[in-house]
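Structural characterization, general
Read off the chains here:
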Amino acid sequence: MEMVPRKMQSRAIRHIFSASDDTVMTKQIRATHAPIEEHVDARPLLNIVQDIFHRAASLNPEFVQDMKDNNTKESDLFEMLEISYHSINKISCEISCKCLMSGGDAHATTIGILGMLSSYSWDAKVVIALAAFAANLGEFWLVAQLHATNRLAKSVALLKHIHETLNQVDDLGPKFESVNNLLKAMLEVANCIVEFHELPSEYIDHEAPETLTASTLIPSAVYWTIRSIVACASHILGIVGLGQGYMTSTIETWELSSLTHKLESLYGHLQKLLTICRQHLDDNKQREVFETLQHLFETSHQDNIKVLKALIHCKGDPLPVFDGSTKQRVSIEALRKKIVLLYITDLHNISDQELVIFEQMYQESRLDSTRIESQYELVWIPVVEKGTAWTESKQKFERLQSMMPWYSVYDPSLLEAATIRYIKEVWLFNTKPMLVVLDPQGKVVNLNAIHMMWIWGSMAYPFSSLREEALWKEETWGLALLADTIDPLLFDWVSAGKYICLYGGDDMDWIRKFTSAAKSMARTLRIPLEMMYVGKANPGQKVRKINKSIYEENLSNILADPTIIWFFWVRLESMWHSKLQQNKTVETDQIMMEIMRILSYDSSDQGWAVISQGTIKMTQGKGDSFLKCVNEFDEWKDNVNEKGVLPAMDEYIQGIQQPHHCNRLILPGVDGTVPDKIVCAECGKPMEKFYMYRCCNE
């Protein structure tokens, strides 16, 4: 091959690269562009090109490391190849012929190829040109890899006069280093251009600055990619044609390096613009998803499928739900026309105790399949913040999911950001678990029924706000509401007509004094008394130690399972929040006042106690007042015959209560319903508001 004098090459290269952004060349490039309206998917063909480059470069490990295998199906190529087959072959011949011509004009060749591709979109132009080059490159390397063992390949090598070059194939790696670097840069730019054309146009603002800039930059990127193809082809033909004696000239190496730098610079600009476009696209898409959710939840439907599919979209996954009972993935259809309770949590504020109680209630509702209560379904939706490292949270998610016999989102990391935004902004999810209830038509009938679930279990079916209001109308304050089914012994004690004392706190000294004095009082008054320790909210190690001491010293009965202690207090807190959802206040609602009184007791450093006979009559008080009452029963026992034990105790406790007292109330923020003003359950005066941050009660 005749070599062009270096001075001429150098002068030509300087001229071309200095004119890279010249207006005249830009007009030349755009003048070749006359696309048809139909746009085809260039991605399958680009995948094949990448696959050829990958395998053709197997003799060059440094290139292979940056490439990936593509598993494009032949059927995916059909449409693209149907319209581009002739163009690929024509351009392949054009590249070979022009590069074999000594001193060929690379710019003119590039403009000529663009002219052949005038009817294609910019992404199709660059991919077809790469495909034409890949066909030549692939053919050469196929012969190179097989000629030593395959007679056909050896004969082809002889006819093409490349057998001497191929005999030195092990030495070709260094000579192809500049080519390989340029190939990688070409593929990066081509991928970026194709990705621009793959952006869904309905979410793209075509007048946005980044879109306009990209539309200006892409034609230049296509030109320089094809220009690089011509340079690579010329360089490779030079190596092959001159065989072992060919020495890569400095000027040719510099040309390839300069083209690589040019493409890398273009790629950097395009990638930044693509990132901005993708962010705007995602913002527009998420806004549409959010508005769709708003519209769907405000519209009547025949069933709940549209609503659930929009909510649990999961990037179009046809089986987005995991059935905890069968451990199989299922479609949204499994929930059609069911009352659906959306159990919404994060991965940090959901306890094992909560899941144990939830599972017990869920399984009990299914013991009798003929009961109407079994017609609801639970679906766990864990809220995972976008940007959170899912690999770090996945193990915790899978552990929690394995404990649930109900449905759950199979992969919460695939939930749309708009879904999470809707849950937070419209349903007011913060961090505490909540239970949003959808009726069979997908309408929200209760924004948070978790309080109903804790208070009444499946008796709260169908978990609507109207049902919640009706259940409260049936309730009266007493042991039945306070203690429910925390221990089967309570039913036996009530049936036997015994007095029942529930007490709590974490002052072991007070517990010893109180239980001893209460038993002494009961013996003197000859009343059957049973006592049970119910601990404190959020039972920790300290409560476990107290439980153990009470049991070993035989002071009273205990709730041996910490989960039951937790449930006792979460029910009480749920009563408070449920009443708030019903717009009740301490001043106007007797039950709410009594709930707040016990919650205030638990928030203090003292013990507390309530004594009940049956399930309705009850007296209660702080630890110091109650201890004083049972110690000084001689002061009020004469009133027992006339008034009864509990009224006499209650009257005495009210009499010894100090006019100046200090109550505090610690309430967990569940769903933003904690009011700004709370009055004291003892005196009715407004309580001063403070902020407390607490992770446990130890």
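The structure presented is a predicted model; accordingly, all values stated were derived computationally and were not measured.

Assigned secondary structure in the protein consists of 28 helices and twelve strands. Buried residues in the protein amount to 51% of all 698 residues. With an accessible surface of roughly 34000 Å², the protein has 51% of that area assigned to carbon and sulfur atoms.

Turning next to helix α11 (residues 177-198). Owing to its 3.6 residues per turn, the α-helix aligns residues three or four sequence positions apart on the same side. Its 22 residues place the ends of α11 32 Å apart at the C-alpha level, agreeing with the 32 Å of an ideal helix rising 1.5 Å per residue. The element α11 is largely enclosed, with a buried count of 16 among its 22 residues.

Side chains of a nonpolar character, in soluble globular proteins, are inclined to be buried together. The biggest cluster of nonpolar side chains holds 104 residues, and the ones touching the most others in it are Y343, L502, F514, W569, W636 and M649. Among the elements that line this core, the one with the most residues is helix α24 (residues 562-581), at ten residues. In contact with F514, other than residues within four places in its own chain, are C501, Y503, M531, A609, F626, L627 and V630. Core analysis: the second largest hydrophobic core is formed by 71 residues, M25, W122, A190 and I218 among them.

This next bit is on the side chain of T110. Mapped onto the fold, T110 is located in helix α6 (residues 106-116). A polar contact of 2.8 Å, which involves the side chain of T110, links it to the backbone oxygen of A106. The residues contacting T110, other than those within four sequence positions of it, are Y223, I226, R227 and V230.

Applying the stated criterion to the full structure yields 27 aromatic pairs. When the centroid spacing of 6.0 Å and the interplanar angle of 70 degrees are considered together, the rings of F53 and F133 count as edge-to-face. In this pair, F53 is assigned in helix α3 (residues 43-56) and F133 in helix α7 (residues 122-146), connecting sequence segments 80 residues apart. Considered together, F53 and F133 belong to a single accessibility category, that of buried residues.

What follows deals with the sheet that holds strand β7 (residues 444-446). The mixed open sheet is built from seven strands, whose spatial order is β2-β1-β5-β4-β3-β6-β7. The open sheet terminates on both sides in strands that have one partner only, identified here as β2 (328-330) and β7. For this sheet the average axis-to-axis angle between neighbouring strands, irrespective of direction, equals 35 degrees. Taken together, the two bridges between strand β4 (residues 376-382) and strand β5 (residues 407-409) define a ladder with parallel strand orientation. The residue bridging V379 from the neighbouring strand is Y407, located in β5. This element, helix α15 (residues 352-364), spans β3 (339-345), β4 and β6 (434-438) of the sheet and lies at about 160 degrees to β4.

Time to look at α7. Over its 25 residues, α7 extends 36 Å from the first C-alpha to the last, a length consistent with the 36 Å expected when each residue adds 1.5 Å. Counting buried residues in α7 gives 18 out of 25 residues, a clear majority hidden from the surface.

This brings us to the packing of helix α22 (residues 508-525) against helix α26 (residues 623-631). Across the interface, α22 lies against α26 with an axial gap of 8 Å and an inter-helix angle of 35 degrees. Crossing angle aside, the handedness with which α22 passes α26 is left-handed. Between α22 and α26, the residues in contact are W510, K513, F514, A517, A518 and M521 and G623, D624, F626, L627, V630 and N631, respectively. Tallied by class, the residues present in the contact of α22 with α26 amount to eight nonpolar, two polar and two charged.

Here we take up the pairing of strand β11 (residues 608-613). Looking along a regular strand, one sees side chains alternate from face to face of the sheet. Counting buried residues in β11 gives five out of six residues, a clear majority hidden from the surface. Pairing geometry for strand β8 (residues 499-504) and β11, over six bridges, is antiparallel. Bridge pairing in β11 links I500 to S612. Summarising the sheet, β11 and strand β12 (residues 617-622) pair through six bridges and their orientation is antiparallel. Along β12, the bridge assignment pairs S612 with M618. Joining the antiparallel neighbours β11 and β12 is a turn of three residues, in which G614 adopts a positive phi near 80 degrees.

A few words now on the side chain of S625. With respect to the helices, strands and loops of the structure, S625 is situated in helix α26. Among the polar contacts made by the side chain of S625, one reaches the side chain of D624 at a distance of 3.5 Å. If we ignore the near neighbours within four places in the chain, the residues touching S625 are I653 and I656.

Rules behind the numbers
- Residues numbered from 1 in each chain as written.
- Predicted model: local features only at pLDDT ≥ 70, side-chain atom pairs only at ≥ 80, totals over all residues.
- Heavy atoms only, no water.
- Helix = DSSP H or I, 4+ residues; strand = E, 2+ residues; numbered from the N terminus.
- Buried < 20%, exposed > 50% of the residue type's maximum accessible area, 1.4 Å probe, protein only.
- Areas by Shrake-Rupley, 256 points an atom, 1.4 Å probe, with all protein chains shown as cover.
- Expected span 1.5 Å × (residues − 1).
- Core = buried A, V, L, I, M, F, W, Y, C linked by side-chain atoms within 4.5 Å.
- Contact = heavy atoms within 4.5 Å.
- Polar contact = N/O pair within 3.5 Å; in protein donor to acceptor, adjacent residues only side chain to side chain.
- Phe/Tyr/Trp six-rings, centres within 6.5 Å; stacked < 30°, edge-to-face > 60°.
- Pairing = 2+ DSSP bridges.
- Axes fitted to C-alpha atoms, helices over the stretch in contact; angles between N-to-C directions.
- Left-handed = near helix turned anticlockwise from the far one by under 90°.
- Nonpolar A, V, L, I, M, F, W, Y, C, P; charged D, E, K, R; others polar.

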